[in-house]
Amino acid sequence: MKELVEVVAKALVENPDEVVVTEKVDGKNVVIELHVAASDMGKVIGKQGRIAKAIRTVVKAASFKDNTRVDVEIV
């Protein structure tokens, strides 16, 4: 899941070198934290949070087959 978020985020931002994705696993719960440059924050979140919601939806769909709960946090 970490790689999926990283690929999507790097495609969206102007500074792909500053994209950092960390993953914290706690049993069947996984928290993925996405760090981007301050100037790219709006591009990752999108208008009214639409892009952030789309990223979360794609990750949730991909994690369904692993029977895990994945949360994506944009920091």
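Everything that follows concerns the structure shown earlier in this document.
Participant: So what exactly am I meant to see when it comes to the environment of Val72 here?
Facilitator: For Val72, the location among the structural elements is in strand 3 (residues 69-74). For the pair formed by Val72 and Met1, sequence separation is 71 residues and the distance between their alpha carbons is 9.8 Å. Val72 has contacts with Val5, Ile32, Ile55, Arg56 and Val59, leaving out every residue within four places of it along the chain.

Participant: Hey, could you run me through the nonpolar core in this one?
Facilitator: A general trend in soluble globular proteins is that nonpolar side chains are found buried together. Membership of the largest hydrophobic core comes to 14 residues, with the highest contact counts inside it found for Val5, Val19 and Leu34. Elements represented by at least two residues in this core include exactly helix 1 (2-12), strand 2 (29-35), helix 3 (50-63) and strand 3. Sorting elements by how many residues they give to this core places strand 2 first, with 3 residues. Aside from chain neighbours lying at most four places away, what touches Leu34 is Val5, Ala9, Val19, Val20, Val21, Val44, Glu73, Ile74 and Val75.

Participant: Would you explain unusual backbone geometry in this entry?
Facilitator: What is expected of a backbone is that most residues other than glycine have negative phi and most peptide bonds are trans. Despite not being glycine, Gln48 has its phi angle at roughly 55°, a positive value. A positive phi angle is found at Asn67, which is not glycine, with a value near 60°.

Participant: Any chance you could explain the environment of Lys28 here in plain terms?
Facilitator: Along the chain, Lys28 turns up in the loop between strand 1 (20-26) and strand 2. You can call Lys28 exposed: its relative accessible area is 52%. Setting aside residues up to four positions removed in sequence, Lys28 forms contacts with Asn67, Thr68 and Arg69.

Rules and cut-offs
- Residues numbered from 1 in each chain as written.
- Predicted model: local features only at pLDDT ≥ 70, side-chain atom pairs only at ≥ 80, totals over all residues.
- Heavy atoms only, no water.
- Helix = DSSP H or I, 4+ residues; strand = E, 2+ residues; numbered from the N terminus.
- Contact = heavy atoms within 4.5 Å.
- Core = buried A, V, L, I, M, F, W, Y, C linked by side-chain atoms within 4.5 Å.
- Buried < 20%, exposed > 50% of the residue type's maximum accessible area, 1.4 Å probe, protein only.

Keep in mind that these numbers describe shape and distance, not what the molecule does.
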